Amino acid sequence: MAGFVFYRMPSLTRRNFWIITFNSLASFVLAYLIVFFLNQFSYVLTAGMFGYPVTVNHATYFFHIEPYQWTHDAVFVIFSSGYVLTFLLGLLSLLGFLSLAGESAPVKVLFFWLILHSSNFVFGGLLLGNLLTEGIGHVFNWMYLLDTSRMIISIIGFFGLLMTALFSARLVAISSDAYFIKYNEKMAPFFITAQVLVPYIIGSALIFFYFYPKNMFHEKYGWMVLGVMILIFFIRARFLDDLLFEEDDNRSIRPMRGLIIFTILFFVLSRLIMGRGFTFHA
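Basis of the calculations
- Residues numbered from 1 in each chain as written.
- Predicted model: local features only at pLDDT ≥ 70, side-chain atom pairs only at ≥ 80, totals over all residues.
- Heavy atoms only, no water.
- Pairing = 2+ DSSP bridges.
- Helix = DSSP H or I, 4+ residues; strand = E, 2+ residues; numbered from the N terminus.
- Axes fitted to C-alpha atoms, helices over the stretch in contact; angles between N-to-C directions.
- Phe/Tyr/Trp six-rings, centres within 6.5 Å; stacked < 30°, edge-to-face > 60°.
- Buried < 20%, exposed > 50% of the residue type's maximum accessible area, 1.4 Å probe, protein only.
- Core = buried A, V, L, I, M, F, W, Y, C linked by side-chain atoms within 4.5 Å.
- Contact = heavy atoms within 4.5 Å.

(A) Quick peek at the sheet that holds strand E1 (residues 54-56). Read across the sheet, three strands follow the order E2-E1-E5 without closing on themselves; strand pairing throughout is antiparallel. Both edges of this open sheet fall to strand E2 (61-63) and strand E5 (278-280), since each of them pairs with a single strand only. Strand-to-strand twist in this sheet, taken as the mean axis angle between neighbours without regard to direction, amounts to 20 degrees. With three bridges connecting them, E1 and E5 associate as antiparallel partners. Of the residues in E5, the one forming a bridge with valine 56 is phenylalanine 278.

Written as structure tokens, this is what we have:
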């Protein structure tokens, strides 16, 4: 898909394509794991507030209590806190991304994926969790919401995902200033494919095998929701205005070796260390 534009500009080469891809792929995987373990942390923290022993590992969680020990307050706090923290993470990531706008800092792609993964987790949870009664859907079940209320929540989730997808097209264009002095129609397919499409495909496969065979709710369905979001903003990206960035001597297409190595180590070590799980008591 990107091959037909490789030679329209001197910097659109296969080597640069894969440098951008690996930078973004490392960011995709690391951002996903950050969101996941933030939610695992929320289960440990909130379970301790109610005196519930909990076991967390690389893929799932388990509360060591009897069904009758659950209370409305416990369900509400435990199964909604992760979504609140993730929403805040998404907002902070957006601020971090915007603060780097105009600077030749490839690390802004990490903030980009944190925004998308956070939005996918929160709004996708509202949409699908409400329908499938998983994740935050547990909270809605205990609230005994009417069908009308559930529909409104699902609509909020849908429009949250839609707005993120539409807004993300602009973020992708802005993120190109880490490598290029301009963003236009000629180089857009090259950059979007390297920065978003290929990292999404490879990254989703890596995430699937990381959690396999204990893929939870978001790991089962999140990649599909994210795929639809990416399709929407890929279509929208074709109609964006051209962007011209300020000259910067530090701008170059180079691998983020530190981030790539850290992501590989975190991916492997967290899978090995957390594989057996840890149990926390109040």
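(B) Quick peek at the packing of aromatic side chains. Applying the stated rule across the entire model yields 31 aromatic pairs. Their ring planes at 80 degrees and their centres at 4.9 Å tell us that tyrosine 210 and phenylalanine 211 sit as a pair that is edge-to-face. There is no split in this pair, since tyrosine 210 and phenylalanine 211 are both buried. Members of the aromatic cluster, connected to one another through ring pairs, are Phe17, Trp18, Phe22, Tyr179, Phe180, Tyr183, Phe190 and Phe191.

(C) Examining the nonpolar core more closely. Phe63, Trp113 and Tyr183 are the most contacted members of the largest nonpolar core, which has 85 residues in total. Here this core gets 15 residues from one element, more than from any other, and that element is helix H1 (residues 14-49). Not counting the four nearest positions on each side in its chain, tyrosine 183 is found in contact with Ala173, Ser176, Ala188, Phe191, Ile192, Ala237, Asp241, Asp242, Leu243 and Phe245.

(D) View of the environment of phenylalanine 123. With respect to the secondary-structure elements, phenylalanine 123 resides in helix H3 (residues 108-132). With relative accessibility at 19%, the residue phenylalanine 123 sits in the buried group. As a C-alpha pair, phenylalanine 123 and leucine 161 span 38 residues in sequence and 5.9 Å in three-dimensional space. The residues contacting phenylalanine 123, other than those within four sequence positions of it, are Phe87, Ile156, Gly157, Gly160, Leu161 and Thr164.

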